[in-house]
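Examining the three-dimensional arrangement
As a plain string of letters, each chain reads:
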Amino acid sequence: KNMEREYSAKKIAYSEKLASLLVENTGVLVVQADYVGSKQLQDVRASLRGKAEMLMGKNTQMRRVIRLVAQEIPDLLKLIDLVEGNCGLVFTNEDIKEIRDVIVNNKVPAAAKAGVVAPNDVHVPP
């Protein structure tokens, strides 16, 4: 009996998009998006428009597509270990340092919320 998996149209479209981005672009950045607001992501996307494309997605699905494309481009396997947590991929054919700077410049200090670990030590005077 044929146990071939049926993927939804949405997943197939996503997979094709990720596969084509992996093939067509020379540079890939892995970005962490923990505690990044949607407005902030929008701003980053807007500032990257024309230079780079950001793709977020389900990690298992991203890994699956990367493995498939890696059959042609073995270097991509290095990405698989980096896909974890709340991450996205930024694809570009431009200078990677330039793109990284655009992303880093969009960093905004996040408001303290319950349950969030502070990025640096907080000292309360006695």
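We now turn to the structure provided with this report.

Conventions adopted
- Sequence order as written defines the numbering, with residues in each chain counted from 1.
- Totals for whole chains, interfaces and linings use all residues, but because this is a predicted model, local features are given only for residues with pLDDT of at least 70 and pairs of side-chain atoms are given and counted only at 80 or more.
- In computing side-chain properties, one takes all heavy atoms of the structure into account and sets aside hydrogens as well as water.
- Between 30 and 60 degrees the pair is tilted, below 30 it is stacked and above 60 it is edge-to-face, where a pair is any two Phe, Tyr or Trp rings, Trp via its six-membered ring, whose centres lie within 6.5 Å.
- Charge over a ring is defined by NZ of Lys or CZ of Arg lying within 6 Å of the ring centre and within 35 degrees of the ring normal.
- When DSSP locates at least two bridges between a pair of strands, those strands are taken to pair.
- Only DSSP runs of H or I covering at least 4 residues are called helices, and only runs of E covering at least 2 are called strands; the numbering of each starts at the N terminus.
- In this analysis, axes come from line fits to C-alpha atoms, helices being fitted only over the stretch in contact, and the angle between any two N-to-C directions falls in the range 0 to 180 degrees.
- In what follows, a contact means two residues having at least one pair of non-hydrogen atoms within 4.5 Å.
- Relative accessibility under 20% of the residue-type maximum defines a buried residue, over 50% an exposed one, and the middle range a partly exposed one, all with a 1.4 Å probe and only protein chains included.

A few words now on the packing of aromatic side chains. Each aromatic ring pair is characterised by the separation of its centres together with the angle its planes make. Taken as a whole and assessed by the stated rule, the structure comprises 0 aromatic pairs. When the ring centre of Tyr7 is taken as origin, the NZ or CZ atom of Arg64, which lies over that ring, is 4.3 Å away.

It is worth spelling out the sheet that holds strand S2 (residues 52-56) at this point. Pairing between sheet strands relies on hydrogen bonds along the backbone, with the strands arranged either parallel or antiparallel. Spatial strand order, S1-S3-S2: 3 strands in an open sheet with antiparallel pairing. Two strands close off the open sheet at either side, each with one partner strand: strand S1 (27-32) and S2. Strand after strand, the sheet turns through a mean of 25° between neighbouring axes, direction not considered. In terms of strand pairing, S2 meets strand S3 (residues 87-92) through 5 bridges, oriented antiparallel. Its bridge partner being in S3, Leu55 is matched across the sheet by Leu89. Sheet strands in contact with helix H3 (residues 59-70) are S2 and S3, and its direction is about 40° off that of S3.

What follows covers the pairing of S3. The side chains of a regular strand alternate between the sheet's two faces. Burial of S3 is extensive: 6 of the 6 residues sit out of reach of the surface. Of the two faces of S3, the one holding Cys87, Leu89 and Phe91 and the one holding Gly88, Val90 and Thr92 are both buried throughout. Summarising the sheet, S1 and S3 pair through 6 bridges and their orientation is antiparallel. Paired with Val30 across the bridge in S3 is Leu89.

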